Amino acid sequence: MSLQLPPDSPRAGLRKSGGLALLCAALLCACGGGGSDGSADVATSLDTATTYAANASELGADAGTALDAAVLATQVVTATQASATAAPGGLAQALAAPPQPAVNVVVPCPSGGTAVLTISGGTPSSQINGSFDAGEVYQLTFAHCKASTAAATLDGALSLTVQSASATAQTLALSATALAATLPNGSVSLTGNAAWAQTTTTDANGATATSSQFTSPSLAVATLFNARSGGFTLSSVDLTRTVTSLAGVQQSNTLRGTHTLAATLAGAAVTFTVSTQGSISYSVAGQPVSGSWTLTLPHTLVGVTVSGANVVITVDDGKDGTIDRTVSLPLGTFLSSVG
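Rules behind the numbers
Residues numbered from 1 in each chain as written. Predicted model: local features only at pLDDT ≥ 70, side-chain atom pairs only at ≥ 80, totals over all residues. Heavy atoms only, no water. pLDDT = per-residue confidence, 0-100. Contact = heavy atoms within 4.5 Å. Pairing = 2+ DSSP bridges. Helix = DSSP H or I, 4+ residues; strand = E, 2+ residues; numbered from the N terminus. 1 Å grid on protein atoms, 1.4 Å probe; cavity = no way out; pocket = protein on both sides within 12 Å on 5 of 7 lines; lining within 4 Å. Points joined across faces, edges and corners; volume = space filled by probe spheres on them. Nonpolar A, V, L, I, M, F, W, Y, C, P; charged D, E, K, R; others polar.

## Here we look at the confidence of the model for the protein chain
Per-residue pLDDT for the protein chain has a mean of 87; in total, 83% of the residues score no lower than 70. Under a pLDDT of 50 for its full length, residues 1-35 has, in the predicted model, 19 contacts with residues more than four places off or in other chains.

This is the structure:
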């Protein structure tokens, strides 16, 4: 037999208020109150936002730089091997004799290191002409290979399939296995598949603009920055890197597009989307110079704007259009959070 309390009983009122408190607590948890972004609280600290933003500014750009360097090295190594095949009688003599395709041939790289090259597909004559042709497949293993003094040093393996090629455009399918690029600000190692397309234009002043777009469903990226090793996954990648050069000297380097970054950062697993706002300019050393990004987290928007030696980071908790926190810091301090 249960005791029914009168509605105006103090104990009945306490029971009602306790139930209301429990309901409010449940609603607060459901709405995301009490921790960091992605957990029970929508608040993201400025230190955490800075770590996210610094890695967002570098990972996509460095992955694009590494793939561009690997494609360039493949082209240079292929041309070097073709020259060796044609000597001393020239290409005509080489074509007149039974073509000897490259199979596990060790080729020196122009600025140091070596590459082991195997070419298949295409035709016997196209395999030794020193350039990409549709249908050809290139397998390379790099060992401290540099295609030029300004290029990244490469190690690891790359498989490259030529889908189309002309004097000003080419589309390739790439598959990287621990493809490591040593860059001025650190190193990245890529494992995964990517589609890569490049176009080249030259203006009336002789300046050459080379735009390389790479897309990938998923790339595993191991890094070494600031004496720290890290592991990241880039997914839904659609980035375009454009380098403008004059007389072989780089004049500008920009990046635009989107990717999703997943990693353990600031002590927690996190996944967020990175979108450039227009194009981001980078220095020859690969550091951001100017431009803006937006990082979209489950409950927070992080804005990043780089202007010269200064970086401004904003945090919008709840993604309601209201900036909750802002910090301005030197570029060097910002980049020290990479990795």
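## Some details on the pairing of strand β8 (residues 228-246)
Pairing between strand β7 (residues 208-225) and β8: 17 bridges, direction antiparallel. Bridge pairing links Thr210 to Val243 in β8. Here β7 folds back onto β8, and the loop between the two strands holds two residues, one of which, Asn226, carries a positive phi near 55°. Across 13 bridges, the pairing between β8 and strand β9 (residues 249-265) is antiparallel. Pairing of Thr244 across the sheet is with Ser252, part of β9. Counting the residues between successive antiparallel strands, the hairpin from β8 to β9 contains two residues, one of them, Ala247, with a positive phi of roughly 55°.

## Points about empty space enclosed by the protein
All told, the structure shown has two cavities of 30 Å³ or more when counted by the stated rule. Taken as a whole, the largest cavity encloses approximately 50 Å³ of empty space. Along the walls of the largest cavity sit Thr78, Gln81, Ala82, Thr85, Gln100, Pro101, Ala102, Ile119, Gln127 and Ile128, which together make up its complete lining. Residue composition of the lining of the largest cavity, by class: five nonpolar, five polar and no charged. Of the voids in this model, the second largest cavity is the one considered here, and its volume is about 40 Å³. Residue composition of the lining of the second largest cavity, grouped by class: six nonpolar, five polar and no charged.

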